[in-house]
Amino acid sequence: MTAIAFHNGTFQAKADIRISPEDRGFLFADGVYEVARAYGGRFFELDAHLARLRDGLAALMIGGAQVEALPAIFAELLTRNALATSDALVYLQITRGAAPRTHFFPDPAVPPTVYAEARAFQPKADPRKGIAVITTPDTRWARCDIKSVALLPNVLANQQARAAGATEAVFVRDGVALEGSSSSFFAIVDGDVRTAPCSNYILPSISRRVTLELCREAGFPHRETPIFLHELPKASEMFMAGTTLEVMPVVAVDGRPVAGGTPGPMATELARRFHARALA
């Protein structure tokens, strides 16, 4: 089946889409993105994804994108790719558009480049088994709260994890474990579920917010407070949270077993509750 994508107002065969070499996303990583997950054709937390998208566009001062039209576009992408009742991901990227290369914004402004595609999704990790992670110094810029397409430090960190036989890399800045290369990080220390507080150094993750809500529902003590690297050895459990991972127990960090090398009870319960909410 020919994959159909959306590009600047039209649905086209993905193989036929062409992006200008002057696109500022290509030249400067001047753009933002979102990844929305559909369960049986129904999107999970789509309004929250679009709200974060609006915030990112505003932060980068990219205008002209019709965000209100995206839910219908996403649904049409599922339909045109025979995914209307399937588990799928929709990837969206919006850049400032194509213009002669200058470090300042195009003047006058140009239309943004809007691209979206859909694909079937099959989880690559099993919460019953958990994953291994590594820690790595945070070399990213200081506006990690913007879901920018400038992801080279994330790519290098994730590749470092893969080379070490792990699934994710957890960024550490000033001795604090912040978040993964593509997911949020949680640790259970002295019975409390902890995650780094929102700041410019972490993404305001939708899965992170849902997980904290689930902690409240489950009656699990939880705090948004720094998790120091030196505290990780005494953590009874750790887990990641993200659009593709949902809640995923961590069973090893930097080669050291966590929770005896098996998913812990609190992470396992949160994983169950997260998946149940997504299917509801």
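It should be noted that the structure appears before, not after, this text.
Student: How do you make sense of the state of the cysteines when you look at a structure like this?
Tutor: Per the counting criterion, the structure on display carries 0 disulfides. Lacking any disulfide linkage, C144 is separated from the closest cysteine sulfur, that of C198, by 12 Å. What makes C144 buried here is its relative accessible area of 7%. According to the relative accessible area criterion, C198 is partly exposed, its value standing at 44%.

Student: Can you help me understand the nonpolar core in this one?
Tutor: Within soluble globular proteins, side chains that are nonpolar generally end up buried alongside one another. Grouped together as the largest cluster of nonpolar side chains are 26 residues, with contacts concentrated most on L53, L57, L70, F74, L92 and I94. At the level of elements, β3 (31-39), α2 (46-60), α3 (70-80), β5 (88-95) and β6 (113-120) are the ones that each hand at least two residues to this core. Excluding residues that lie within four positions of it along the chain, L92 makes contacts with V32, Y33, E34, L53, L70, F74, V114, Y115 and A116. Ranked by size, the runner-up nonpolar core spans 21 residues in total, among them F186, A241, M266 and A271.

Student: Just checking my understanding: could you explain a nonpolar patch on the surface for this structure?
Tutor: Together, L152, V155 and L156 line one region of the surface with nonpolar side chains, adding up to about 310 Å² of accessible area. Position of V155 among the secondary structure elements: in helix α4 (residues 152-163).

Student: Would you mind going over α4 with me for this structure?
Tutor: One full turn of an α-helix is made of 3.6 residues, so residues set three or four places apart face in the same direction. Along its 12 residues, α4 runs 16 Å from first to last C-alpha, staying within 8% of the 16 Å computed at 1.5 Å per residue. Taken residue by residue, α4 has N154, A157, N158 and A161 as its buried positions. For α4, the buried positions fall inside an angular range of 95° around the axis, keeping them on one side. When the buried face of α4 is taken as reference, the exposed residues oriented beyond 90 degrees from it are L152, L156, Q159, R162 and A163. Turning to α4, the residues buried within the fold contact β7 (131-137) and β8 (168-173).

Student: Sorry if this is basic, but what is going on with the sheet that holds strand β2 (residues 10-13) here?
Tutor: Hydrogen bonding along the main chain pairs the strands of a sheet, whether they run parallel or antiparallel. Read across the sheet, 6 strands follow the order β2-β1-β6-β5-β3-β4 without closing on themselves; strand pairing throughout is antiparallel. Since the sheet does not close on itself, it has two edges, and those belong to β2 and β4 (42-43), each with one partner. Taken together, the 2 bridges between β3 and β4 define a ladder with antiparallel strand orientation. Looking at the pairing, A38 lines up with F43 of β4. Along the sheet face, α2 touches β3, β4 and β5 and points at about 180° away from the line of β3.

What counts, and where the lines are drawn
- Residues numbered from 1 in each chain as written.
- Predicted model: local features only at pLDDT ≥ 70, side-chain atom pairs only at ≥ 80, totals over all residues.
- Heavy atoms only, no water.
- Disulfide = S-S within 2.5 Å.
- Buried < 20%, exposed > 50% of the residue type's maximum accessible area, 1.4 Å probe, protein only.
- Core = buried A, V, L, I, M, F, W, Y, C linked by side-chain atoms within 4.5 Å.
- Helix = DSSP H or I, 4+ residues; strand = E, 2+ residues; numbered from the N terminus.
- Contact = heavy atoms within 4.5 Å.
- Patch = residues over 30% accessible without salt bridge, like charges linked within 9 Å, V, L, I, M, F, W, Y side chains within 5 Å.
- Areas by Shrake-Rupley, 256 points an atom, 1.4 Å probe, with all protein chains shown as cover.
- Salt bridge = Lys/Arg side-chain N within 4 Å of Asp/Glu carboxyl O.
- Expected span 1.5 Å × (residues − 1).
- Arc of directions from axis to C-beta.
- Pairing = 2+ DSSP bridges.
- Axes fitted to C-alpha atoms, helices over the stretch in contact; angles between N-to-C directions.

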